[in-house]
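Examining the three-dimensional arrangement
Given next are the chains, with one letter for each unit.
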Amino acid sequence: EHFEPLVGETFNVGQYQLTLRNVHRRHKIGSRFREQFALVFKVPHELPIRSELLPVAHPAIGRHDLLVTQIIDEIDGTALEICFS
C-alpha cells in the first residue's frame, strides 16, 4: 500500500528516470509471511538494464539498492520489475 499512490510518478533507477507503471500484489501465503508484490516500471526499448543491483530513489521512499530485472510485459513489451517478498 506504500507504493500504490506512487504509480505514475518518476523514480531514479540507476542513472535513469523511470515511471512506475503498476504495483502487482501476490496473494498472502499464511499469516506469518508478508504479502509479496512487484513494482513494474515503463522503460524505453533501448535501456541497457537486464538484471542488476541498482540504486532506486524517490522522495517518498528514500534511496535503496535493489535488484532490478528486465521482463517481457504483455502491455508494453519491455518493462523493469523489482520484486519484494
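Right, let's walk through the structure included here.

We now examine the environment of Cys83. Among the secondary structure elements, Cys83 is positioned in strand 6 (residues 77-84). Sequence separation between Cys83 and Phe37 is 46 residues, and the spatial gap between their C-alpha atoms is 6.0 Å. Residues within four places of Cys83 in sequence aside, it is in contact with Phe37 and Ala38.

Attention now moves to the pairing of strand 2 (residues 16-25). Two faces belong to every sheet, and in a regular strand the side chains alternate between them. Here strand 1 (residues 10-13) runs beside strand 2; their pairing, made up of four bridges, is antiparallel. In the sheet register, Asn12 faces strand 2, and the bridge partner there is Gln17. As consecutive antiparallel partners, strand 1 and strand 2 are separated by two residues, and within that stretch Gly14 has a phi angle of approximately 60°, a positive value.

Reading the values: rules and limits
Residues numbered from 1 in each chain as written. Predicted model: local features only at pLDDT ≥ 70, side-chain atom pairs only at ≥ 80, totals over all residues. Heavy atoms only, no water. Helix = DSSP H or I, 4+ residues; strand = E, 2+ residues; numbered from the N terminus. Contact = heavy atoms within 4.5 Å. Pairing = 2+ DSSP bridges.

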